[in-house]
Amino acid sequence: MGRPREIIDCGDLTLRRWRGEEDFAAALVLFEESREHLRPWVTWVTGNSEEDTRGFLARSWVRWEEGEVFNYAVEAGNGELLGMCQAYCGADPRGRGLGYWLHPAATGRGIATRAAAALAAELFTLPDVDFVEIAHDLANTASAAVPRRLGFSEVRRGPGAPPLPPAGSGIEVVWRLDRPAAGTAQPG
């Protein structure tokens, strides 16, 4: 199985592999300052602590090496952390899942869309990836805007996996983007 690049340059922002303990202080601030913004949509944020952040960074390194999950810090040109974007293996080995979240001060500027587009394009450089999927709760309209802007197609709705997010509807929406035909434009 191929792996995406560790650094993906997006012009004025960069997706880069988390660097373990080196990123601890900045990641902890990012997670803490994003807690209330993310609380309605993700369950892990409620109890996130210094120990949890260190564990996340350590697991990110191991899971990357194992080829399971590719977690990226979304970083501004000045080095400020803006959020996170990730690709992960799904049930179908031909596809990858893609997720993202941003610090509340980074929302509304197209950053999540640009990060998701860059990561999807990177995933399509891998020979074993035929499609990319984005999943979110039906009530999370901000997350829904990203795949819609990038030309993903809604492929299914069904019960969300527990634990359900506090503001969630309990219905998961899944969007898919198939590998572009040779010579056609990439997402974004």
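Counting of residues starts from 1 at the beginning of each chain's written sequence and follows it residue by residue. The predicted origin of the model limits local features to residues at a pLDDT of at least 70 and limits the giving and counting of side-chain atom pairs to 80 or more, whereas totals for whole chains, interfaces and linings rest on all residues. Computation of side-chain values: all heavy atoms of the structure, hydrogens and water removed.

Visitor: Looking at this model, I keep getting lost on the overall build of the chain. Mind explaining?
Guide: Each helix is a run of H or I in the DSSP string that is no shorter than four residues. Each strand is a run of E no shorter than two, and both are numbered from the N terminus. On a plain count of helices and strands, the chain comes out with four helices and eight strands. In the chain, the succession of helices and strands from N to C terminus is β-β-α-α-β-β-β-α-β-α-β-β. Relative to the compact-globule value of 16 Å for 188 residues, the chain shows a C-alpha radius of gyration of 16 Å, a close match. Along the longest, intermediate and shortest principal axes, the C-alpha atoms of the chain span 45 × 35 × 30 Å. Put simply, the radius of gyration uses C-alpha atoms, and a globule should come to 2.2 Å times the residue count raised to 0.38.

Visitor: Looking at this structure, I do not really get the nonpolar core. What am I missing?
Guide: Only buried residues count toward a nonpolar core, which is a set of Ala, Val, Leu, Ile, Met, Phe, Trp, Tyr and Cys residues joined through side-chain atoms within 4.5 Å. When a residue's accessible area, from a 1.4 Å probe over protein chains only, is under 20% of the maximum for its type it is buried; when over 50% it is exposed; and in between it is partly exposed. Judged by nonpolar contacts, the single largest core of 36 residues is most densely connected at L15, V74, C85, L98, Y100, L119 and L123. Listed by contribution, the elements that provide at least two residues to this core are β2 (13–17), β3 (69–76), β4 (81–89), β5 (95–102), α3 (111–123), β6 (131–137) and β8 (171–178). When residues in this core are grouped by element, the largest group, nine residues, is from α3. Ranked by size, the runner-up nonpolar core spans 14 residues in total, among them W18, F24, L57 and W101.

Visitor: Before we go on, may I ask you to explain the sheet that holds β2 in this structure?
Guide: Pairing between sheet strands relies on hydrogen bonds along the backbone, with the strands arranged either parallel or antiparallel. If DSSP finds at least two bridges between two strands, the strands pair. Across the sheet, eight strands lie side by side as β1-β2-β3-β4-β5-β6-β8-β7; this open sheet has mixed pairing. In the strand order of this sheet, the two ends are held by β1 (7–9) and β7 (153–159), each with one partner. Averaged over all adjacent pairs, the angle separating strand axes in this sheet is 25°, with direction ignored. Pairing analysis gives six bridges linking β7 to β8, with the strands arranged antiparallel. By the bridge assignment, R157 is partnered in β8 with V173. With axes taken as lines fitted to C-alpha atoms, and helix axes fitted only over the stretch in contact, angles between N-to-C directions fall between 0 and 180 degrees.

Visitor: I would appreciate a short explanation of α3 in the present structure.
Guide: Residues lying three or four places apart along an α-helix face the same way, a consequence of the helix completing one turn every 3.6 residues. Expected helix span is given by 1.5 Å per residue-to-residue step, counting one fewer step than there are residues. Helix length check: α3, at 13 residues, gives a terminal C-alpha distance of 18 Å against a target of 18 Å (1.5 Å per residue), a fit within 8%. With twelve of 13 residues buried, α3 lies mostly within the body of the structure. Among the residues of α3, those classed as buried are I111, A112, T113, A115, A116, A117, A118, L119, A120, A121, E122 and L123.

Visitor: In this structure, what is going on with unusual backbone geometry? I would like to understand it.
Guide: Among all residues except glycine, the phi angle is most often negative; among peptide bonds, the trans geometry is most common. Here the residue pair P162 and P163 is connected by a cis peptide bond, since its omega of 0° sits within 30 degrees of zero. Here P163 lies in the loop between β7 and β8.

Visitor: Sorry, what's going on with the packing of helix α1 (residues 24–38) against helix α2 (residues 50–65) here?
Guide: Describing two packed helices takes the angle between their axes plus the distance from one axis to the other. Closest axis-to-axis distance for the α1/α2 pair is 10 Å, and the angle between their directions is 120°. The angle between α1 and α2 places the two elements in the oblique class. Crossing of α1 against α2: the hand is right-handed. Listed contacts from α2 to F24, A27, L28 and F31 of α1 are E50, T53, R54, F56 and L57. For this classification, the nonpolar set comprises Ala, Val, Leu, Ile, Met, Phe, Trp, Tyr, Cys and Pro, the charged set comprises Asp, Glu, Lys and Arg, and every other residue, Gly included, is treated as polar. Residue composition of the contact of α1 with α2, by class: six nonpolar, one polar and two charged. By definition in this entry, angles of less than 35 degrees are roughly parallel, angles greater than 145 are roughly antiparallel, angles of 65 to 115 are roughly perpendicular, and the rest are oblique. Left-handed describes a crossing whose near helix is turned anticlockwise from the far helix by less than a right angle; the clockwise case is right-handed. When checking whether two residues touch, look at their non-hydrogen atoms; a contact exists if any pair is within 4.5 Å.

Visitor: Please explain the pattern of salt bridges as it appears in this structure.
Guide: In a structure, side chains of opposite charge can pair up when their charged atoms sit close to one another. Basic side-chain nitrogens of Lys or Arg form a salt bridge, by our definition, when they fall within 4 Å of a carboxyl oxygen of Asp or Glu. Applying the stated criterion to the full structure yields 17 salt bridges. The closest approach of N and O atoms between E65 and R17, which form a salt bridge, is 2.7 Å. Of this pair, E65 sits in helix α2 while R17 sits in strand β2, and the two are 48 residues apart along the sequence. Accessibility expressed as a relative area gives 44% for E65, which makes it partly exposed. R39 serves as the salt-bridge partner of E36, at 2.4 Å between the closest nitrogen and oxygen. The exposure class of E36 is exposed, given its relative accessible area of 55%.

Visitor: Help me out: how do you make sense of the side chain of H103 in this one?
Guide: Along the chain, H103 falls in the loop between β5 and α3. Within the local environment of H103, its side chain forms a polar contact with the side chain of E33, the two groups lying 2.8 Å apart. Contacts of H103, omitting those with residues within four sequence positions, involve L30, E33, S34, H37, L82 and G83. Definition of a polar contact: a pair of N or O atoms within 3.5 Å, with one able to donate and the other able to accept a hydrogen when the atoms are protein atoms, and with sequence-neighbouring residues admitted only if both atoms are side-chain atoms.

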